[in-house]
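# Report on the structure
In case you want the letters, here they are:
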Amino acid sequence: MASTDHSALQKNIPVPGDGLDAARMPGHWLLARLGKRVLRPGGVELTRWMLDALGVDPEDRVVELAAGLGATARLTLTRHPAAYTAVDRDPAAVAALSALADPGPTQVRAVRSDAADTRLPDGEATVVYGEAMLTMQPEPAKRRIVREARRLLDDSTGRYAIHELCLLPDGLDPALAEQITHDLHDAIHVGARPLTPTGWSELLGDEGFTVTAHKTAPMALLEPRRLVADEGLIPALRIASRALRDPAALRRVLHMRRVFQRHSAHLGAISLLAVPTPTQP
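In this text the structure is predicted, and so the values were computed from the model without any measurement.

The subject of this paragraph is the overall build of the chain. Assigned secondary structure in the chain consists of eleven helices and seven strands. The C-alpha radius of gyration computed for the chain amounts to 18 Å, which stays within 12% of the reference 19 Å derived for 281 residues, consistent with globular compactness. Counting only C-alpha atoms, the chain reaches 60 × 45 × 30 Å along its principal axes. A burial count over the chain gives 54% of its 281 residues as buried. By sequence separation, contacts in the chain at least 24 residues apart represent 79% of the contacts at least 6 residues apart. For the chain, the accessible area works out to roughly 12,200 Å², and carbon and sulfur atoms hold 54% of it. Charged side chains of the chain number 33 positive and 34 negative; the gap between the two group centres comes to 7 Å.

Put into structure tokens, the structure is as follows:
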């Protein structure tokens, strides 16, 4: 799921899906329209773990794939990397990302492009990350995106991280996994295809990475405690108020929450840190 940011709303920059029927739009766009800015399955806490694990510092050149409207970008910019490039294919997201600025020396830019084909140079980055976007792709697209991240990374200092939905545990019954996938699609109107922790590790390994660390967290995106932790009390109340004033939106939000709760034992969030696997001589 992409992230949004209140500054985009304040500057009258449209959020993705603006103007679409609440009953039909993808769930993450609906939540963005309601004012939710943190739309990562593990919340801001797991995003912060990911950035800490990446160790972003002033020497780094960072590329964020499917950057949304800038919630994680702002956290990254507080670390003052040498360069930060946001990649997103949605024009509303790119417009908001283009308005980002860093008070330090960071070179900030936003490009409208696909995560699987960014058109950025080889070895452009020392850090690449993406959140809540591989889950939404079928397997061939997942692999193209991970392969693109590998191409973008500097071989000597490159680090890659993802933050995604996951199925639990490893060895989950395939029929149950298929039911969860079906229910997610019905609720969020996006073809979510999460993997198990081992499945995510194997995907990265197959495409030229070695996983060095990982962390899981509950999938509690729409639970009140997580909502307040991610957004703050007053913004969380505003989100709830907007939903209560929009019956179609409220029905969708409650449906999503019911699905997440129904499968809470088998749905989680995961972040993995990986480095390029050395090429065999």
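Having seen the structure, we can now continue with the description.
Here we come to the sheet that holds strand E5 (residues 159-167). An order of E3-E2-E1-E4-E5-E7-E6 is seen for the seven strands of this open sheet, with the pairing classed as mixed. At either end of the open sheet lies a strand with only one pairing partner, and these are strand E3 (107-112) and strand E6 (209-218). On average, each strand axis in the sheet is inclined to that of its neighbour by 20 degrees, with strand direction left out of account. Here nine bridges tie E6 to strand E7 (residues 267-276), and the two strands are oriented antiparallel to one another. When the sheet's bridge partners are listed, proline 218 is paired in E7 with glycine 268. Lying on the sheet, helix H5 (residues 91-98) is in contact with strand E2 (83-88) and E3; it crosses E3 at an angle near 170 degrees.

Side chains that differ in charge, positive against negative, can pair when their charged atoms come close. Tallied over the full model, the rule gives 18 salt bridges. Of the charged contacts, one joins glutamate 64 and arginine 40 as a salt bridge, the two residues approaching to 3.6 Å between their closest N and O atoms. Of the two residues, glutamate 64 is situated in strand E1 (residues 61-65) and arginine 40 in the loop between helix H2 (27-33) and helix H3 (43-54); the sequence distance between them amounts to 24 residues. Comparing glutamate 64 with arginine 40 shows no difference in burial state: the two are buried. Two residues, aspartate 114 and arginine 89, come together in a salt bridge whose shortest N-O distance is 3.2 Å. Of this pair, aspartate 114 sits in the loop between E3 and strand E4 (127-131) while arginine 89 sits in the loop between E2 and H5, and the two are 25 residues apart along the sequence. Overlapping salt bridges bring together Glu139, Arg143, Arg147, Asp206 and Glu207 as one network.

We now examine the environment of serine 98. The residue serine 98 is located in helix H5 in this model. For serine 98, a relative accessible area of 48% puts it in the partly exposed group. With ten residues separating them in the primary sequence, serine 98 and valine 108 have C-alpha atoms 8.1 Å apart.

A few words now on helix H10 (residues 233-244). For H10, spanning twelve residues, the distance from its first C-alpha to its last is 17 Å, which sits close to the expected 16 Å at 1.5 Å a residue. What H10 keeps buried is the set Pro235, Ala236, Ile239 and Ala243. When H10 is viewed along its axis, its buried side chains cluster within an angular range of 105 degrees and face the same direction. Those residues of H10 that are exposed and aimed more than 90 degrees away from the buried face are Leu237 and Leu244.

Glancing now at the confidence of the model for the chain. When pLDDT is averaged across the chain, the result is 90; 92% of the residues are at 70 or more. pLDDT under 50 marks residues 1-11. Its contacts with residues more than four places away, or in other chains, come to 44 contacts.

All right, on to the nonpolar core then. By size, the foremost hydrophobic cluster in this structure holds 32 residues, and its most contacted members are Leu31, Leu184, Ile188, Met256, Phe260 and Leu267. The set of elements that each furnish at least two residues to this core consists of H2, E5, helix H7 (174-188), H10 and helix H11 (247-262). The element best represented in this core is H11, accounting for six residues. Residues within four places of methionine 256 in sequence aside, it is in contact with Gly27, Leu30, Leu31, Ala187, Ile188 and Leu222. With 25 residues, the next largest nonpolar core counts Val63, Leu65, Val111 and Leu134 among its residues.

About the thresholds
Residues numbered from 1 in each chain as written. Predicted model: local features only at pLDDT ≥ 70, side-chain atom pairs only at ≥ 80, totals over all residues. Heavy atoms only, no water. Helix = DSSP H or I, 4+ residues; strand = E, 2+ residues; numbered from the N terminus. Rg over C-alpha atoms; globule rule 2.2 N^0.38 Å. Buried < 20%, exposed > 50% of the residue type's maximum accessible area, 1.4 Å probe, protein only. Contact = heavy atoms within 4.5 Å. Areas by Shrake-Rupley, 256 points an atom, 1.4 Å probe, with all protein chains shown as cover. Lys, Arg positive; Asp, Glu negative; His and termini not counted. Charge placed at Lys NZ, Arg CZ, Asp CG, Glu CD. Pairing = 2+ DSSP bridges. Axes fitted to C-alpha atoms, helices over the stretch in contact; angles between N-to-C directions. Salt bridge = Lys/Arg side-chain N within 4 Å of Asp/Glu carboxyl O. Expected span 1.5 Å × (residues − 1). Arc of directions from axis to C-beta. pLDDT = per-residue confidence, 0-100. Core = buried A, V, L, I, M, F, W, Y, C linked by side-chain atoms within 4.5 Å.

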